[in-house]
Amino acid sequence: MKPVVLTFPGMETLAVEIAQEVGADCASVVLHRFPDGETLVTLPPDLEGRRVALLASLRVPDPLVLPLRFAAETAREFGATRVGLIAPYLAYMRQDRRFGPGQTVSARLYARFLQESFDWLVTVDPHLHRIKRLDEIFDIPTRRIASATQIAAWIAHNVPDAIVLGPDGESQQWVAEVAGLADRPYEVLSKVRNGDRSVDVSVPDSRTFLDGTPVILDDIASSGRTMVKAIERLRQIGTRPPVCVIIHAVFAGDAFADIRNAGAARIVTTDSIPHESNAIHLRSGIGHALRELEEVLDLPGAGMLQGRGNETESGKDT
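This is a predicted model, so every value here is computed, not measured.

S.K.: I'm lost on the overall build of the protein chain in this one. Help?
M.R.: What the protein chain contains, in helices and strands, is eight helices and 17 strands. Relative to its 318 residues, the protein chain shows a buried fraction of 53%. Carbon together with sulfur atoms contributes 47% to the accessible area of the protein chain, which is approximately 14,000 Å² in total.

S.K.: How do you make sense of the packing of aromatic side chains when you look at a structure like this?
M.R.: Overall, the coordinates contain two aromatic pairs when judged by the stated rule. With a centroid separation of 5.0 Å and 55° between ring planes, the pair formed by Y92 and Y110 is classed as tilted. A residue pair is termed long-range when its members are at least 10 positions apart, and Y92 in the loop between β6 (82-87) and α3 (106-115) and Y110 in helix α3 qualify at 18 residues. Its relative accessible area of 6% is what places Y110 among the buried residues. When the centroid spacing of 5.2 Å and the interplanar angle of 65° are considered together, the rings of F251 and F256 count as edge-to-face. Here the two residues F251 and F256 agree in accessibility, since each one is buried.

S.K.: Hey, could you run me through the pairing of strand β8 (residues 142-145) in this one?
M.R.: The two faces of the sheet receive side chains in turn, since in a regular strand these alternate between them. Here β8 shows a buried face lined by T142 and R144 and a second buried face lined by R143 and I145. In the sheet, strand β7 (residues 121-124) pairs with β8 via four bridges, with the strands oriented parallel. Its bridge partner being in β8, V124 is matched across the sheet by I145.

S.K.: Would you mind going over the environment of I246 with me for this structure?
M.R.: Secondary-structure assignment places I246 in strand β14 (residues 243-248). Along the chain, I246 and I220 lie 26 residues apart, while their C-alpha atoms are 6.1 Å from each other. Excluding residues within four positions of it along the chain, I246 makes contact with D218, D219, I220, A221, M227, F251, I267, V268, T269 and T270.

Rules behind the numbers
- Residues numbered from 1 in each chain as written.
- Predicted model: local features only at pLDDT ≥ 70, side-chain atom pairs only at ≥ 80, totals over all residues.
- Heavy atoms only, no water.
- Helix = DSSP H or I, 4+ residues; strand = E, 2+ residues; numbered from the N terminus.
- Buried < 20%, exposed > 50% of the residue type's maximum accessible area, 1.4 Å probe, protein only.
- Areas by Shrake-Rupley, 256 points an atom, 1.4 Å probe, with all protein chains shown as cover.
- Phe/Tyr/Trp six-rings, centres within 6.5 Å; stacked < 30°, edge-to-face > 60°.
- Pairing = 2+ DSSP bridges.
- Contact = heavy atoms within 4.5 Å.

What follows is the structure in structure tokens.
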């Protein structure tokens with residue numbers, strides 16, 4: 001039987017595109033919030049013998065964790081043979097060590113929670129720093145999709161005079177890769193974070209910034225303060241209005257408006273989180289990861305979305 005992509009609310013467009021990529025059916029997970037804060041989860045009941053992929057971007061993870069678990073377990077009750085999770089944005093990866101006494105290491109705990117419900121995981125550019133690979137914290141098969149190729153293609157087509165900028169030293173390898181794929185020069189800024197909404201950014205003394213259009217890259221824009229400070233510093237030295245390219249459009253509170261009002265020429269994101277700024281599409285990368293999962297596992301009688309294996313980084317999305 002055909003596999004089925006079950007989409008959480010808000011992800012319908014990407015779900016249809018993924019289903020078309022891999023020849024799957026597509027249906028919705030319906031969530032009803034009761035006045036007391038509890039959630040009723042409703043799935044299509046015709047899942048007997050089918051392989052199921054739940055699609056949910058975990059931008060606001062806490063209200064989704066129980067519905068995710070309810071949906072996965074209910075799919076099994078309805079006869080699904082395998083249940084996996086496509087989480088284009090994977091939450092809780094930044095808290096990967098104890099930064100202060102008594103703190104939880106949320107990344108490991110969240111991974112443990114998810115793998116109790118799912119047979120495999122596909123995600124896009126998770127925020128990995130001290131944890132280098134997903135298989136350090138997940139025992140289920142994982143596929144990590146890299147968006148560098150898609151971002152570079154967008155830059156090459158839309159900003160041919162780009163000067164690619166990374167927000168801090170941690171971003172250097174990724175920014176260098178994007179710049180190389182786009183055949184453009186790059187620089188790395190310096191960032192000091194003093195709190196959730198307090199960031200300072202310094203710009204290297206280089207005339208390179210004045211010779212093209214700055215394109216600031218970041219993996220996540222949450223409070224937006226890094227982008228705002230970078231834009232302010234660039235404008236102070238007389239650059240053209242910069243373009244901001246972000247993988248995950250978290251945009252907490254007024255972050256999107258703050259970045260725009262700071263002087264960004266344009267704000268562009270991938271569709272890992274639905275937002276009006278989405279312009280870089282992930283459908284074929286996710287489809288490739290799902291097909292690769294089948295090919296790599298190579299189990300007798302295995303179809304798409306089945307089996308167990310190790311993490312692979314998948315960057316193909318043409």
